[in-house]
Structures are given as C-alpha cells and as structure tokens.
Amino acid sequence: MIRLGLLGWPVSHSLSPKLQNAALNSVGLKWEYQLFPIDPAQPEKFGELINKVRIGDLAGLNVTIPYKQAVIPYLDELTATARRIGAVNTIYMREGCLIGHNTDAPGFQSDLLNKGGKIINIPRVAMVLGAGGSARAVIYALLGMSWKVIIAARKLDQARNLSLSIVQDPNTDKTECITLDSESLLPYIHQVNLVINTTPVGMYPKVESSPWPESLLFPVDAFVYDLIYNPSKTLLVEQAQKAGLSAVNGLGMLVEQASLAFEIWTGKPAPREVMYSVVGIVK
Ligand code: NAP
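Residues numbered from 1 in each chain as written. Predicted model: local features only at pLDDT ≥ 70, side-chain atom pairs only at ≥ 80, totals over all residues. Heavy atoms only, no water.

This next bit is on the sheet that holds strand β4 (residues 77-78). The strands making up a sheet associate through hydrogen bonds between their backbones, and the pairing can be parallel or antiparallel. Strands sit in the order β2-β1-β3-β5-β6-β4 across an open sheet of 6 strands; the sheet is mixed. Unpaired on one side and paired on the other, β2 (32-37) and β4 mark the two borders of the sheet. By the bridge criterion, 5 bridges tie strand β5 (residues 90-94) to strand β6 (residues 97-101) in an arrangement that is antiparallel. Note that in β6 the partner of Ile91 across the bridge is Gly100. Together, β1 (2-8), β2 and β3 (60-63) form the strand contacts of helix α1 (residues 16-26), whose direction differs from that of β2 by roughly 160 degrees. (Pairing = 2+ DSSP bridges. Helix = DSSP H or I, 4+ residues; strand = E, 2+ residues; numbered from the N terminus. Contact = heavy atoms within 4.5 Å. Axes fitted to C-alpha atoms, helices over the stretch in contact; angles between N-to-C directions.)

Okay, structure coming up:
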C-alpha cells in the first residue's frame with residue numbers, strides 16, 4: 001500500500017525510497033514509499049498529488065527540486081523552521097491542517113554534531129559556499145547553533161537576499177556576504193573553522209570539479225562538510241583530506257533528514273541504524 005513518496009522532477013536518482021522502505025520494513029509497517037515525478041509542464045498533477053495527503057490517501061510526502069518553494073501556497077501552515085527557511089521538504093496532516101516542514105536544517109545540524117567532534121563544539125566562523133535552497137537550511141541551522149556565517153556565492157545579491165530573509169536584520173553581524181572567488185575568500189581564511197559546500201559543484205557526473213578556488217589554501221584545522229554524496233568522495237573532500245583536514249560528505253545529512261520525516265509521518269522512532277546501513281554507513 002503506497003502511503004508515502006517523493007514529489008520532484010527529476011527524482012529517479014533519489015536514495016529516499018531505499019532509505020524509507022528499509023525503515024518501514026524494519027518497524028513492520030506495511031506502507032510503501034514511492035517516487036512521484038511530476039513534470040513542471042503539468043502543474044495540475046502537482047495539486048492533485050498534494051491533495052492526496054489532505055484527504056488521507058497518502059500519509060505524507062517529501063518534496064524536492066523544483067517544488068520546495070512552489071508547494072507552499074498549497075499548504076495550510078508552515079512550521080517556524082520552514083517559514084524562516086522559505087522552503088518545505090516534508091508534508092503531513094495534523095488536526096485537519098496540511099503542514100509543511102523542513103527537515104534539512106535539523107538533519108544537517110544532527111549530522112554536524114555527530115561528525116564534528118571537538119572543533120564543532122566550539123562554534124566560531126563557518127564559510128558556506130553557495131546560496132541556493134540547501135544553503136538556506138544550512139545557514140538557518142548554523143545561526144541556531146551560534147555560528148557566524150560567511151556566505152560565499154557567485155552572485156553576491158543572492159547571498160545578501162538569503163542573509164536578509166533568514167536573519168531578518170539588515171544590520172546583522174551574524175553573516176557576511178562575499179563573492180565565491182580566491183581573492184574574496186582569502187581575508188577570511190585565518191578565522192574560518194568550518195567550510196560547507198552547498199553548491200552542486202563536484203556532483204556526479206562532473207566529478208572532476210571542486211567549488212574551492214584553485215591555488216587557495218584551506219583554513220588550518222577547519223572541518224570540511226560537502227553536502228554532495230554522489231560521488232561519496234568528492235574532489236573537495238579529497239583536496240581537504242590531502243591538506244590534512246577532516247572532511248565528510250552529505251550522506252549523514254540525507255539519513256538524518258529522512259529519519260526526522262519518517263518520525264513525523266509514522267509517529268515511531270526512526271530505525272537509524274538500518275537507514276545508515278542501507279546507504280553503506282556502519283554506525
Ligand atoms: P540549488 O538551490 O540549485 O543551489 C545551488 C547553489 O549553488 C546556488 O547558489 C548556485 O548559484 C550555486 N552554484 C551552482 N553552480 C555553481 C558553480 N559552478 N559555481 C559556484 N556556485 C554554483 O541547489 P540545492 O538544492 O541547494 O542543492 C545543492 C547541492 O546540495 C546538490 O548537490 C544537492 O544534491 C546537495 N544536497 C544534499 C542534501 C543532503 O541531504 N546531503 C540536501 C540538499 C541538497 P546560481 O544561483 O548562481 O546558479
């Protein structure tokens with residue numbers, strides 16, 4: 001019985017069915033998680049699918065590119081997290097209301113705390129590469145953990161708009177926006193202790209590219225976190241490790257955000273060990 005699924009376009013590459021179906025099996029729920037690819041040229045199908053959650057035909061949906069913002073007008077309420085981030089990745093019904101939430105932010109936060117060890121326990125300055133959808137969730141999570149955030153994007157305006165919409169204070173010193181190039185990054189290198197890639201640069205199939213500017217040294221002792229998980233070792237992760245830094249991919253964030261969505265839909269604790277093991281991580 002199909003009760004859950006992923007709305008997006010394209011979605012065929014997604015690991016979510018593997019993760020969620022393994023979790024559902026493990027807790028003995030006879031539900032199924034399915035892909036719902038909806039072509040943006042057929043918007044009526046989009047509304048129909050979301051309505052299935054409203055009428056109880058589906059217990060919930062995940063939402064991915066290009067619908068994380070487009071879905072908002074179809075919902076009755078957003079959680080505070082989704083409202084601030086301005087994007088939804090999880091939909092469910094509660095007390096007659098169709099609710100949109102964003103589990104990317106708490107998912108990233110959990111994984112960072114799991115992985116970061118000592119460095120992450122002393123929040124200082126994080127440098128976020130990119131200013132798109134996932135950057136919004138990551139920056140929201142970092143600010144919630146008292147990090148100062150340098151947003152480095154190829155479009156400075158996009159970084160500034162992101163900062164303004166999340167921090168909601170034009171005079172904030174919690175974020176600084178710079179252009180993603182060697183010259184602009186250089187003055188910040190000595191103060192940064194966490195670098196996070198939220199751009200798709202280095203993702204399959206363009207695995208030979210890195211978002212880190214060529215010839216720029218990495219910050220000493222920084223922790224490098226690449227949201228990309230395909231390939232499992234991106235060029236950025238490889239470069240950082242060669243420079244003697246700890247560096248991880250985004251698989252942990254993927255599992256954590258999926259676990260949180262699972263708990264919202266089913267009301268049961270997510271079988272995290274099972275979910276980690278289906279993506280090849282032994283906890
Ligand atoms: P997005 O909304 O399209 O944002 C991508 C950002 O990267 C934009 O700021 C974009 O700038 C910038 N960018 C793209 N190409 C660039 C380049 N060549 N140089 C510099 N900047 C560039 O995408 P997203 O949803 O944030 O996803 C980004 C990546 O994160 C993807 O690889 C995705 O798979 C991964 N992700 C992982 C997880 C996880 O759970 N691990 C969750 C979400 C996303 P422009 O606007 O100028 O193009």
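Following the structure, the description resumes.
With 12 residues, helix α6 (residues 156-167) ought to run about 16 Å at 1.5 Å a step, and its terminal C-alpha atoms sit 16 Å apart, in line with that. Where α6 is concerned, the buried positions are Ala159, Leu162, Ser163, Ile166 and Val167. Looking straight down α6, one finds its buried side chains confined to an arc of 105 degrees; they lie on one side. Away from the buried face of α6 by more than 90 degrees, exposed residues Asp157 and Asn161 are located. Of the residues flanking the end of α6, it is Gln168, one or two places downstream, whose phi is positive at about 60 degrees. (Expected span 1.5 Å × (residues − 1). Buried < 20%, exposed > 50% of the residue type's maximum accessible area, 1.4 Å probe, protein only. Arc of directions from axis to C-beta.)

In contact at an axis separation of 10 Å, helix α5 (residues 133-144) and α6 are set at 50 degrees when each is read in the N-to-C sense. As summarised for this structure, α5 and α6 are arranged oblique, according to the angle between their axes. Crossing geometry of α5 relative to α6 is assigned as right-handed. Contacts between α5 and α6 involve Ala135, Arg136, Ile139, Tyr140 and Leu143 from the first element and Leu162, Ser165, Ile166 and Val167 from the second. For the contact of α5 with α6, a count of residues per class yields 7 nonpolar, 1 polar and 1 charged. (Parallel < 35°, antiparallel > 145°, perpendicular 65-115°, else oblique. Left-handed = near helix turned anticlockwise from the far one by under 90°. Nonpolar A, V, L, I, M, F, W, Y, C, P; charged D, E, K, R; others polar.)

This brings us to the environment of Gly244. Mapped onto the secondary structure, Gly244 falls in the loop between α8 (235-242) and β12 (246-248). Residue Gly244 is classed as exposed on the basis of its relative accessible area, which comes to 64%. It is 8.7 Å that separates the C-alpha atoms of Gly244 and Val220, two residues lying 24 residues apart in sequence.

As a further point, take unusual backbone geometry. The residue after Trp9, namely Pro10, is reached through a cis peptide bond having omega -5 degrees. With respect to the helices and strands, the residue Pro10 is situated in the loop between β1 and α1. Cis rather than trans, the peptide bond between Ile65 and Pro66 has omega equal to 5 degrees. Positionally, Pro66 belongs in the loop between β3 and β4. Although it is not a glycine, Glu95 sits at a positive phi angle of roughly 45 degrees. Along the chain, Glu95 turns up in the loop between β5 and β6.

Time to look at the domain arrangement of the protein chain. Split into domains, the protein chain comes out as domain 1 (2-102 + 252-278) and domain 2 (105-249). Computed over C-alpha atoms only, the centres of domain 1 and domain 2 are separated by 26 Å. Each partner contributes residues to the interface: domain 1 has 12 residues there, and domain 2 has 19 residues. In this assembly, domain 1 packs against domain 2 so that about 1,400 Å² is buried in total across both faces, 61% of it on carbon and sulfur atoms. (Domains from an automatic or database assignment. Buried area = accessible area lost by both parts, 1.4 Å probe.)

Taken together, 20 residues lie near the ligand, and Gly133, Ser134, Arg154, Leu227 and Gly250 sit nearest. The contact in question runs from an oxygen atom of the ligand to an N or O atom on the side chain of Lys155, over 3.0 Å. One of the side-chain nitrogen or oxygen atoms of Gln158 is found 3.2 Å away from an oxygen atom of the ligand. Starting from 930 Å² of accessible surface for the ligand in isolation, the protein chains cover 75%. Among the elements of the structure, α5 and α9 (251-266) are those that each provide at least two residues to the shell around the ligand. Here the residues of the shell around the ligand are counted per class, giving 10 nonpolar, 8 polar and 2 charged. Looking at which domains feed residues into the shell around the ligand, each of domain 1 (2-102 + 252-278) and domain 2 (105-249) supplies at least three. (Near = heavy atom within 4 Å. Polar contact = N/O pair within 3.5 Å; in protein donor to acceptor, adjacent residues only side chain to side chain. Areas by Shrake-Rupley, 256 points an atom, 1.4 Å probe, with all protein chains shown as cover.)

Once that is clear, we can look at the pairing of β5. Of the strand pairs in this sheet, β3 and β5 are connected by 3 bridges, and their pairing is antiparallel. Note on β5: the bridge partner recorded for Asn62 is Thr90. Counted between consecutive antiparallel strands, the loop separating β5 from β6 contains 2 residues, among which Glu95 sits at a positive phi close to 45 degrees.

With respect to the element layout, Gly252 can be found in helix α9. For Gly252, a relative accessible area of 0% puts it in the buried group. Distance in space between the C-alpha atoms of Gly252 and Ser110 is 8.7 Å, their sequence separation being 142 residues. Leave out the neighbours within four places in its chain, and Gly252 touches Asp111, Lys115, Tyr276 and Ile281.

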